[in-house]
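The primary structure of each chain is shown beneath.
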Amino acid sequence: MPRISGQDRYWRQIDGFDSSDDLSLPKATVQKIVGEILSLSGGIAFSKEARDVLIECCVEFITLVSSEANEISEKEAKKTIACDHIVKALDQLGFPDYVPAVLEAAAEHKEVQKGREKKANKLEQSGLTMEELERLQQEQFAAAAARHA
């Protein structure tokens, strides 16, 4: 059976998309990101139509990169797409300029995850049951309410 390249798989997915199955990104989130960027330039507006086109472009880009990364992971006999596969996909698709930003974002994500793991371990290491923790929480809520009453 001939192998289908990530780009070919991508175009097959796009051609097969039914408008009711279209994927999207949250409009409010995209608007917020764009608003933060535009506030730096000052006085430039961003229409809803432009936002919707940008969202479509983002979805297309994500689909293209993830299809290519999937192909790379399959060639490596991996069942999970890793950051390294995304980096390779960006390089192969002609987006090497994005690689440093992706690596930086991955490093930041890793640090955030470490903090979350520490919080989870703190709960586990407390030695208290969930019922005891809930009781302590209720006591603290009651004490705070009494202070502000």
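Residues numbered from 1 in each chain as written. Predicted model: local features only at pLDDT ≥ 70, side-chain atom pairs only at ≥ 80, totals over all residues. Heavy atoms only, no water.

(A) View of the packing of helix H2 (residues 27-41) against helix H3 (residues 48-75). Put simply, H2 and H3 touch, their axes get as near as 10 Å, and they point 105° apart. For the element pair H2 / H3, the angle class is roughly perpendicular. Counted together, Lys-27, Val-30, Gln-31 and Val-34 of H2 and Arg-51, Asp-52, Leu-54 and Ile-55 of H3 form the full contact between these two elements. (Axes fitted to C-alpha atoms, helices over the stretch in contact; angles between N-to-C directions. Helix = DSSP H or I, 4+ residues; strand = E, 2+ residues; numbered from the N terminus. Parallel < 35°, antiparallel > 145°, perpendicular 65-115°, else oblique. Contact = heavy atoms within 4.5 Å.)

(B) The pattern of salt bridges, seen in detail. The final tally for this structure, using the stated rule, is six salt bridges. Salt-bridge contacts for Glu-76 lead to Lys-88; the nearest nitrogen and oxygen are separated by 2.7 Å. Of this pair, Glu-76 sits in the loop between H3 and helix H4 (83-92) while Lys-88 sits in helix H4, and the two are 12 residues apart along the sequence. What makes Glu-76 partly exposed here is its relative accessible area of 32%. Lys-88 sits in the partly exposed class, given a relative accessible area of 29%. As a salt-bridge pair, Glu-111 and Lys-114 come within 3.3 Å of each other at their nearest N and O atoms. One end of the pair is Glu-111 and the other is Lys-114, both in helix H5 (residues 99-125) and three residues apart, which spans about a single turn. A network of salt bridges, in which partner residues are shared, links Glu-76, Asp-84 and Lys-88. (Salt bridge = Lys/Arg side-chain N within 4 Å of Asp/Glu carboxyl O. Buried < 20%, exposed > 50% of the residue type's maximum accessible area, 1.4 Å probe, protein only.)

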